[in-house]
Amino acid sequence: MIYISDTLTKSKVPLETGQPNVVKMYVCGPTVYNYIHIGNARPMVVFDVFRRFLEFVGYKVVMAQNFTDIDDKIINQANEWGVDWKTVADTFIAECYHDAQLLGIRTANFHPRTTDFVEDIINAIAKMIDNDFAYVTPNGDAYFSVRKVNDYGRLSGKKLDELRSGARVDVNELKIDPLDFVLWKSAKPGEPVWNSPWGKGRPGWHIECSVMSQKLLGDMFDIHGGGEDLIFPHHEDEIAQSKALTGKPPARYWMHNGMIIARGDKMSKSLRNTFMVREAVRKFGKDGVRLFLLSKHYRSPMEFFDAPLDDSSKAAARVHATLYRFTEKYNYPLVPKYDEEMNDYQTRFIEALSDDFNTPVALSVLFNVVRELNKAMDDGNDERALKMYHLIKRVFGNMLGIFDGETDKVQRVESEEMQTLDTLIRGIIEMRNNFRKEKQYEMADKLRNLLGESKIRLVDTPEGTKYELY
RNA sequence: GGCGACGUAGCCAAGGGGUCAAAGGCGGAGGUCUGCAAAAUCUCUAUUCGAGGGUUCAAAUCCCUCCGUCGCCUCCA
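Here is what the cut-offs are and how they apply
Here, residues in each chain are numbered from 1, in the same order as that chain's written sequence. Each chain gets a letter, beginning with A, and each ligand a number, beginning with 1, in the order they are written. For this predicted model, a pLDDT threshold of at least 70 governs which residues receive local features, and a threshold of 80 or more governs which side-chain atom pairs are given and counted, while totals over whole chains, interfaces and linings are taken from all residues. In computing side-chain values, all of the structure's heavy atoms are included and hydrogens and water are not. Whenever a carboxyl oxygen of Asp or Glu lies within 4 Å of a side-chain nitrogen of Lys or Arg, that contact is scored as a salt bridge. Numbering of helices and strands starts at the N terminus; helices are DSSP runs of H or I of at least 4 residues and strands are runs of E of at least 2. The pairing test for Phe, Tyr and Trp rings, Trp by its six-membered ring, is centres within 6.5 Å, and the orientation test on the planes gives stacked under 30 degrees, edge-to-face over 60, and tilted for anything in between. Categorising residues by exposure relies on relative accessible area from a 1.4 Å probe, with only protein chains included: less than 20% of the type maximum marks a residue as buried, more than 50% marks it as exposed, and the intermediate range marks it as partly exposed. By definition here, charges over rings are those cases where NZ of Lys or CZ of Arg is within 6 Å of the ring centre and within 35 degrees of the ring normal.

Considering all chains together, one arrives at 38 salt bridges under this definition. For aspartate 48, the salt bridge goes to arginine 52, with nearest N and O atoms at 3.0 Å. With aspartate 48 and arginine 52 both in helix H1 (residues 38-56), this residue pair falls 4 residues apart, about one helical turn. Three or more residues are tied together by salt bridges with common partners; here these are Asp72, Lys185, Lys188, Glu191 and Arg202.

This paragraph deals with the packing of aromatic side chains. For any pair of aromatic rings, geometry is given as the distance between the ring centres together with the angle between the planes. Applying the stated criterion across every chain, the model contains 18 aromatic pairs. Aromatic side chains tyrosine 26 and phenylalanine 221 sit 6.2 Å apart centroid to centroid with 45° between the ring planes, which places their arrangement in the tilted category. Placement of the pair is tyrosine 26 in strand E3 (residues 22-27) and phenylalanine 221 in strand E9 (residues 221-227), with a sequence separation of 195 residues. Its relative accessible area of 0% is what places tyrosine 26 among the buried residues. Judged by centre distance (5.4 Å) and plane angle (75°), the rings of tyrosine 35 and phenylalanine 92 are edge-to-face. Here tyrosine 35 is found in the loop between E3 and H1, whereas its partner phenylalanine 92 is found in helix H3 (residues 85-102), with 57 residues between them in sequence. You can call tyrosine 35 partly exposed: its relative accessible area is 30%. When its relative accessible area of 7% is taken as the criterion, phenylalanine 92 is described as buried. An aromatic cluster is present here, built from Phe50, Phe53, Tyr298 and Phe357 joined pairwise through their rings. The residue whose ring lies beneath lysine 158 is phenylalanine 232, and the NZ or CZ to ring-centre distance is 5.5 Å.

Okay, structure coming up:
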């Protein structure tokens, strides 16, 4: 049984899906007006791994992640650059796919864009107006009446009257209640527009997710995920909208990941303390970044700074070296037969992830197996080595989306340049070994240092001298 | 102001009434291996879990107080 923390009930609950062995999951994606940063990447990686885990234990996962491709920030950005909104959106959707791919995030089954669903959104709003959950103001805005649904505020633990007294809510005389939120924004001059029964305008933010998730995953899917900053008002409003439309909340469970903190604040584009995914991958490697993101429980906020990223990067490199050591001997390792030890490690790994997706514990199992793989190779126990290799590379690595490349940062390209370099290095190694044979260690060490300065590390093994670039 | 989370070794981070003299990673010390290194491996590196009270046969784990950090309440993943 898999247990997850449900934001709505604030408790750890068993995952019981609508259809047996199928998990339908919707994860809120970014508004595309710039490159994605590490904060955007956390839910992407977390839910990517969660999905792989569910698949491993036998679920068929149907996953959707949206792009908000029309919004004030996109329009502002477009105006600033003197291009149209769609160019901005298209550009950063493309860049987002690029960065997601760099991070080894599998594409979801659906990546809906708001502007592809305007017709459905209009229909949904019309229905809410008909059923008296929403109203149109004289200027052509449409608003949702928050007080028409019961339990509004349950997800975020807020009480309507406390919110009102907070007086932080948008003061807008057109709204009947200050807490009402916009479903359709009437167009200001020069803004992109779509036609609607109540005038030219564009969809508000919350309605897109309700409409797209319902259309793609159905009235009540299993898991709705996203960053915890979306709990209020975004997800609260989605619940209200779905209840107005279908009489049901949109999802059975709500999973929220904690924020990435940088320099004392939440990482956010508007706070200018972002660290781009692209830069992080360049600096720490794909597996280093993923390992970092999985090193802390997904619900806790995590501080972003170099030291732990460096640690994760080193740990990833160590595992890569171990795997490389194995594949050097066995180019095409086949499938081992499971034994008690393998079952035991795998069970521990799965149990960790089954307990509210405890990735830090799962990683501890992984690192234990890495040590066992090294030991098996040290002992010359190839059969056991294959078993450990299989667990790391094909089972754990597969679920975590790591160790699927040759090495993390160092490329072992079969290019002509590499061939030349290889010949050169091998030549120097041979010279050094001749010096060693003649016990001229000073000369031998000189050559080793020379290579070391060029970031080439020599490793003397019983099978001869090897080298690696670092 | 309201709601919520957290404070565990040099750093990162699990655990969440007894099996914890507390997993794992990074770092550090020492051993094995090596001509020496490197890599790998082994041992050690928190008698203690922010501070102070309390409950209990038993607490890092439950309760209270205090100190500190952070999130949400506004666009945000």
